[in-house]
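# What the coordinates show
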Amino acid sequence: MAAECGGGHGSRWALPLRPPLCLACAVETLGDGRASLVRKKHVLSRLHDALAWQALPVVQLLAPDERVCLHLIGTVFGMLHSVEDSSALDLFVEVLVRLVVELKSEQYLRCILEESQKELCKATTMRGSLPTFTLLGKLTDAIPGFADILVVEHNNLVDHLLMGLMYPNEGIKAAICYLYGKLYSSSVGAERLSAHFEERLCGLFLNTLGRAQTKELQVNCLGLLKELLKSDHFVSILMNNSKTEEEPETPEILEGENPLPLVLKKLLLTRDEMLQAASSHCVAAVLIHSPSRYAPAFIHADVPEFLFECLSCNSEILIWSVYCCLLLLTEERLFFSKCHTVYGIESLVRSLQDVLQLNNVELHKQGLLLFTEILKRQPVEIKLFTNRGVCMEAIHVLMETVNCPVLEVVVEAVRAVAAFLRKDHLNSPPVPYEELQKLLEAVLKRCADLSPPQSSKRHAGDLFSVSQDHPANRNLSRIPQRQGQLLLNTLESFRNACRLAVEFQSDPMAQENAFTAPNSESKDTLSNFSEFLLRICDGLCIPMVMKYLERAVSPSMMEVFISSLNTLFTVMPSMRNKFSKKLASSSFIRLTLELKARFCSVQSNPALNQACSSFLYSLCLSLYSATEKERTSSQEEQEMSELLQKGLPQLNYTVAESLLLLAETPEPFSLDQSLCSHQHCFILLLYFAYTLGDRFVPEAELFLAIKNFLVSAQDHGDCPPPYILRAALYLLAVCQDKGKALDLRSLCTIKRILNNLPDLSFVYVHCPLLLKFFLHYPELTGRFGHQVLQLWFSWGDCKQTETEAAGFGVSDQLDAANPLLPILKSNSSILLILLDLVCSSSVEVAWKVLMTLRTFLEKNEDVLVCDLLRSQFLQILQQLLVGSSSASLQANRNLPVLLSLLFLVQLRSKGVRELDSTDFKLLHQVSNLCGKCKPRDTDLLQPSFNFLYCSLHQTTPCSQQRAVAVLLSNVPLLELLQKVLECTWLQSPPSEPAYLSSEDALLCSGWLLVASLLLYQHRYNTEVHQALSLDLTEVLNAVIFRKKKPILLLVSIMQFLRAVLRQNFSSSLLVTVGQNTAQGATRPQPSSQQDAALHPLAMQQVFSLVVSLQNLLVHVQLQKDLLLSQSVVACLETLVEYLYVKNQDVALHVASQPWHRFLLFTLLSGSQKSFLQPEVLRLITLFLRYQSSNIISQKEISQILQEAVEANLAELPEATSHALHLFLCQIQSSHCQVEPLQSGTIQTLLERLLGQRSTCVKHQDIVCLGSVAVSLSHIGD
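What you see is a predicted model; the values in this text were computed from it and never measured.

Rules of the game
Residues numbered from 1 in each chain as written. Predicted model: local features only at pLDDT ≥ 70, side-chain atom pairs only at ≥ 80, totals over all residues. Heavy atoms only, no water. Core = buried A, V, L, I, M, F, W, Y, C linked by side-chain atoms within 4.5 Å. Buried < 20%, exposed > 50% of the residue type's maximum accessible area, 1.4 Å probe, protein only. Helix = DSSP H or I, 4+ residues; strand = E, 2+ residues; numbered from the N terminus. Contact = heavy atoms within 4.5 Å. Phe/Tyr/Trp six-rings, centres within 6.5 Å; stacked < 30°, edge-to-face > 60°. Axes fitted to C-alpha atoms, helices over the stretch in contact; angles between N-to-C directions. Left-handed = near helix turned anticlockwise from the far one by under 90°. Disulfide = S-S within 2.5 Å. Expected span 1.5 Å × (residues − 1). pLDDT = per-residue confidence, 0-100. Salt bridge = Lys/Arg side-chain N within 4 Å of Asp/Glu carboxyl O.

Attention shifts here to the nonpolar core. Formed by 446 residues in total, the largest nonpolar core has its most connected members in Phe371, Phe420, Leu533, Phe561, Leu565, Ile589 and Phe773. Here this core gets 15 residues from one element, more than from any other, and that element is helix α29 (residues 526-549). Apart from the residues within four sequence positions on either side, leucine 533 is in contact with Leu440, Phe494, Ala497, Cys498, Ala501, Leu568 and Val571.

Pasting the structure below:
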């Protein structure tokens, strides 16, 4: 073709295309009327490609010659209106636009405008104007200033646009709307065409948009609308098209012709997501100007419903647009009152579920923001979640978003959680408490995971110890802003959860799940939720905030946190006291005071100040009710409440400033009570902090400040309320060890203040340190010691002081179990006050005092107060026993404790001493008391028997003789002993023989006491007024058959048996009877001559007893019981001695039994395998005494001597030394066949043992085994 080959125009007209194109030929071809349309379209297509890809060569060829350019433009413009092929029109328009753009000459633009003006004027039909409108639209789009030229210089063209808009052809309308959109996108065009739009175009445009059927027209109309909606003026015209501006936004506006809300709603109804997105964009563009002004029109048109319906689509653009629209609509209350949110909440929740599956963070954030605003702004009276299933879905969505890895999404999600935790959102029964717990826990854990690392473990009060210039503490911006916002949102969520729990307390339907099956336990209860809040606050919330506060402190954040803690006081009233103690012990009083001092001075941060003041108020009242349980003064609590309410908001000083304020004195005649209020509030806060161990003020400084406060108040004539005095005295007591001792003036001030009180209990605190404080100063002890000790023992159970001690900060030097004990040890004169309390106080107080004295005597053996205590005990005992019957004695629980103390005092007496008149009076009183008791009164009889037993064994022979006479003259006592001993045969054997019950212990003491009376009555030949009667067979059977009797009971019975054997059954105190001897019957005759000689024993009984004793020795070998071994050997010795007196043949026969040698081998085969055992040595001595050569040989004697020579005699136990001494003496006295060398060895050993005896330390003779007093000398003698 000519255009491609060049046509002789030269190479300079050739364009670098493939194949080459001659530009001159192309121009000629387009202007040739004979050329076919197909050829012209081809040339234009090649020219279009050249302009698109090689524009510079084309411009370089055409630009120098305006004639050629105008010819080419005119030619193409003419073809645009002469060719009816619609497919070619677009090509013509594109070539024209590109030519004008590339040539960059206004001349050509004006040329086209003039031609267009002419064409529009001469057009016979509007359809022929379509190419012109299309070209003008494309030019305005391609050339920035073209719209301004068109509007300014060719304004008459606009009239043709209006005419075309009324033409019933949507293609023409689409082109005109497109052109209008470009014109109104220009600021000049918008200004010049403002009146045109208001007067002529607005209604026509809305009508066109409302009736548009083709997508092209709909899109171009929406494009024009978007440009118009950028201007507040055009928005106002559009929204007021059917009404005057003064008319209210009422439903009547919707009855006008195609009002904008209805038009946009119609587009939302289409299935085209692009149109829906564009429509929602336009709604948002309107609302952005003034939601309150324009939102009602859309709401009355029910546009929100259709917006919610659009959320079910898959288009991210459409969903984003809908989110934006709905977010703007939430600013209008009508949106909620018309229940659009109730209708659409399910769609929104499900949309969020679907959106979370997309990788679009901004969409996630926008959806959560909309959800949050709906949750926050929803009116309380309109329930948002009418379906519990939707509510549960919302919780699951929030849970999923909280766990999102993107921090920005998590921040929005936690904001939504905070808005979700409202009673009206969750009051559809049953309340999903378990799901809420999981959600809240996920929020807190997520925030904790993103919190900055904690540098070190510190208390809440240590947060301000680092200088504020420290890089880590400069400001909140050092923490990433989003993390700080996340923490704030998390704390708001937690606070709302706490408020939710409090609000549900008044709703019976919200207490638990009403749909729980019978006999099954539900976790969805308010109680479980409340416990969870307290637990997670302690485990997650508080540590998380502490970590953040190490880096920076935000007043707004702390306001939310402190108010959350304040709300927790009412979340679970049963845990209020425990929670308040935990907070106070964790330095939260100090933290709150420092927050107030730092951020709330000079009337700044009033919200934080109010939160801190309310928190301290609730904390103090809670601690008051927790620590002052014994006080029930509602008036005092009311006064304290008023003081705290008034003074805490103004208490915005540092600790150092507050300490200085304590010493200040108000001006005389001043009516301003603020200073006094500040002082009292600060003292109360210090008191509650110190009671829980938070000593954030140095003790020495605080001691001085409190002392100055009391002196200043006294000098000024003020008397602080009792609860302030109580706190001040407690603080003095706590700090006294770190401060200097009070001077005389201070002590006198305290005395005067306390003397003015009607009762010391008003200022008493049940604290060991306060007790020590009063008892430390003689001036206070003399005046108030009795009252303080009275209060100490009256204040609850003294045994509870161990658990209370931790709360009161007891110092290490005080005994935790009973802090009075070390005070008694250092000041024994206080014992007189205690003993006076026993006489003058109630039964309960007296019991506690006696228990304290008993503990004191048990733990302090070196205290020499026995004489003092004995005389006081006598008076107390006489008081208790005057006119007391047997029944009243049993009901008196103080009497057993007093008797135990009396026994302990007796036990503390070292060695043997002479009994004085007090001792005999006590002996008389105790023996009379026993006579009034019954055998079952073990708590009275056990300490009494112990006392009587000790009195007999711890005194001189002279006093012993008198004591025996006193006891034997008391017939009721002897009758009681008779009954007690008889109980031995009546009791069933215990299941555990090693366990000593109270009944068995009483039997042990009874047998030991009777054995002692038998011994000493015989020794001093004391007169007997009442004899005891016992069945000898029962006594023997008790040892022979044992029946799992406790070891100590066996020892006691054997002591009795030894006593009667030594007296040959002829004591005037004891009458023995046989098993078959009935009352009034004759005694049966002995069956043999041997039985007659051994009477009242029978030969069979003797052998049975010997075998039983042998078995007991084997048992000793297994049990390693020294007391039993001594008792068994001693009983065997006494039995053989008795037999030797009665019948020497029988005694020698018993002593030479072959089983004895087997017994020795058994004893020697034990772990020690040594002859130097007390039971072995005493047995060998017994066999030597009765010449049992078949039992012990000369070889064994030599082995014993050799072993004794090699042993260190100084290290031998006392029982072994004594047994070895008896053995050596027996060898010397029995003339055994020993070698001369052995005789010297024996003598040397005796001398060494004698010297060892003179230098050895005497051990305590009386020991207490269980609750039984036993004299070791009595057993081992």
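In this model, histidine 1095 is joined to proline 1096 through a cis peptide bond whose omega is 15 degrees. Here proline 1096 shows up in the loop between α56 (1089-1094) and α57 (1099-1119). The backbone of asparagine 605 sits at a positive phi, close to 45 degrees, despite the residue not being glycine. Counting through the fold element by element, asparagine 605 comes out in the loop between α32 (588-599) and α33 (606-627).

All right, on to the environment of valine 58 then. Secondary-structure assignment places valine 58 in helix α4 (residues 55-62). You can call valine 58 buried: its relative accessible area is 1%.

What follows concerns the packing of aromatic side chains. Enumeration according to the criterion identifies 24 aromatic pairs in this entry. Ring geometry for phenylalanine 561 and phenylalanine 588: centres 6.2 Å apart, planes at 45 degrees, overall tilted. Of the two residues, phenylalanine 561 is situated in helix α30 (residues 555-571) and phenylalanine 588 in helix α32; the sequence distance between them amounts to 27 residues. The burial state of phenylalanine 561 is the same as that of phenylalanine 588; both residues are buried.

Turning to the packing of helix α44 (residues 830-840) against helix α45 (residues 843-859), a few remarks are in order. Running from N to C, α44 and α45 point in directions that differ by 140 degrees, and their axes come no closer than 8 Å. α45 is crossed by α44, and the crossing has left-handed handedness. Contacts between α44 and α45 pair Leu831, Leu834, Leu835, Leu837 and Val838 from the former with Ala846, Val849, Leu850, Leu853 and Phe856 from the latter.

With that out of the way, let us pick up the state of the cysteines. In total, this model carries 0 disulfides according to the counting rule given. Just so you know, cysteine 681 is unpaired, no disulfide at all, and the nearest cysteine sulfur is the one on cysteine 620, 8.2 Å from it. The class of cysteine 681 is buried, set by a relative accessible area of 0%.

Here the focus is helix α55 (residues 1047-1062). One turn of the α-helix equals 3.6 residues, which is why residues spaced by three or four share an orientation. Over its 16 residues, α55 extends 22 Å from the first C-alpha to the last, a length consistent with the 22 Å expected when each residue adds 1.5 Å. In terms of burial, α55 is a largely internal element, 14 of the 16 residues being buried. Asparagine 1064, located one to two residues past α55, shows a positive phi value of around 55 degrees.

Now for the confidence of the model for the protein. For the protein, per-residue confidence averages 82 on the pLDDT scale, and residues scoring 70 or more make up 85% of the total. Segment residues 1-6 is flagged for pLDDT under 50; beyond a separation of four residues in sequence, or across chains, it makes 20 contacts in the model. Considering only residues more than four positions removed or in separate chains, one finds that residues 463-479, a stretch of pLDDT under 50, has 35 contacts.

In this fold, leucine 238 is placed in helix α15 (residues 232-239). Excluding its chain neighbours within four sequence positions, the residues that come into contact with leucine 238 are Phe197, Cys202, Phe205, Leu206, Leu225, Leu228, Leu229 and Leu260.

This part is about the pattern of salt bridges. According to the stated counting rule, one finds 25 salt bridges in the structure shown. Between lysine 182 and aspartate 141 there is a salt bridge, with its nearest N and O atoms 3.2 Å apart. With a gap of 41 residues between them, lysine 182 in helix α11 (residues 170-185) and aspartate 141 in helix α8 (residues 130-142) connect regions that are remote in the sequence. Relative accessible area serves as the criterion here: at 24%, lysine 182 is assigned to the partly exposed category. Given the relative accessible area of 42%, aspartate 141 is considered partly exposed. In this structure, glutamate 373 and arginine 415 form a salt bridge, with 3.8 Å as the shortest nitrogen-oxygen distance. One end of the pair, glutamate 373, is in helix α23 (residues 361-377); the other, arginine 415, is in helix α25 (residues 407-420), with 42 residues separating them in the sequence.

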